[in-house]
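Results of the structural survey
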Amino acid sequence: FPTRRSSDLPVQFAICTRFDDAGMAAVAVGDPIDNSMGFIGTEGRFLINPRFYAANNFRDGLAEVTPTKGDRGTSYIDRSGKYVWQAPPTSAPPAR
């Protein structure tokens, strides 16, 4: 793949991590506080559409993601965006 840095892309993402060895970067769309994260390729097109509250770059073929804002557990996806391990849903502590 062509050598590109995330800084070479037009500014359209609230957050953009570095591209990994396979040419994917985690990006956030929306404002920095209430965003949705997905993964783009070196051409700037989505390879995994934004649907996560938080996401880290891929490492050894897996990326650590947080599906929704209230989740306290970590889930993992493969490069196709398919969950390989999903944290059990967390519930809010009882109100006092």
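Structural data are supplied above this passage.
Here we summarise the structure given alongside this text. Residue numbering note: each chain is counted from 1, following its sequence as written. Local features in this predicted model are restricted to residues of pLDDT 70 or higher, and side-chain atom pairs are both shown and tallied only at a pLDDT of 80 or more, whereas totals for entire chains, interfaces and linings draw on every residue. Water and hydrogen atoms were dropped before computing side-chain values, which therefore reflect all heavy atoms in the structure.

Overview of the pairing of strand β2 (residues 24-30)
- In terms of burial, β2 is a largely internal element, five of the seven residues being buried.
- Strand direction decides the pairing type here: β2 and strand β3 (residues 35-41), joined by seven bridges, are antiparallel. The residue of β3 that forms the bridge with M24 is G41. Burial status follows relative accessibility: with a 1.4 Å probe on protein chains alone, a residue under 20% of its type maximum counts as buried, one over 50% as exposed, and anything between as partly exposed. Elements are defined by DSSP. Helices are runs of H or I of four residues or more, strands are runs of E of two residues or more, and each kind is numbered from the N terminus. For two strands to pair, DSSP has to find at least two bridges joining them.

Concerning the packing of aromatic side chains
- Only the six-membered ring of Trp is used, alongside the rings of Phe and Tyr, when aromatic pairs are assigned; centres must lie within 6.5 Å, and planes under 30 degrees apart are stacked while those over 60 apart are edge-to-face, with the rest tilted. A complete count under the given rule lists three aromatic pairs for this structure.
- Considering the side-chain rings of F13 and F46, the 5.9 Å spacing of their centres and the 90° angle between planes classify their relative orientation as edge-to-face. Note that F13 is positioned in the segment before β1 (15-16) and F46 in strand β4 (residues 46-52), a separation of 33 residues in sequence.
- The class of F46 is partly exposed, set by a relative accessible area of 30%.
- Ring geometry for F52 against Y83: centres 6.3 Å apart, planes inclined by 85°, an arrangement best described as edge-to-face. Placement of F52 in strand β4 and of Y83 in strand β8 (residues 83-85) is noted, with a sequence separation of 31 residues between them.

A short note on the sheet that holds strand β7 (residues 75-77)
- The strand order across the open sheet built from four strands is β5-β6-β7-β8, with neighbouring strands paired in antiparallel fashion. Single-partner strands in this sheet number two, and they are β5 (54-59) and β8. Neighbour to neighbour, the strand axes of the sheet diverge by 30° on average, direction disregarded.
- Bridging between strand β6 (residues 62-66) and β7 involves three bridges; their strand directions are antiparallel. Each residue of the ladder has a partner; that of E64, found in β7, is Y76. Comment: axis = line fitted to C-alpha atoms, over the contacting stretch for helices; angle = value between 0 and 180 degrees taken between N-to-C directions.

What about the nonpolar core?
- We define a nonpolar core as any set of buried Ala, Val, Leu, Ile, Met, Phe, Trp, Tyr and Cys residues linked to one another through side-chain atoms lying within 4.5 Å. Listed in full, the twelve residues of the largest apolar core are M24, A26, A28, M37, F39, I48, F52, A55, F58, A63, V65 and I77.
- Those elements that provide at least two residues to this core are β2, β3, β4, β5 and β6.
- Ranked by residues supplied to this core, first place goes to β2 with three residues.
- If near-sequence neighbours (up to four positions away) are discounted, M24 is found in contact with R18, F19, F39, I40, L47, I48, F58 and R79.
- Ranked by size, the runner-up nonpolar core spans five residues in total, among them F13, A25, V27 and I40. A contact between two residues is defined here by any heavy atoms of the two lying within 4.5 Å.

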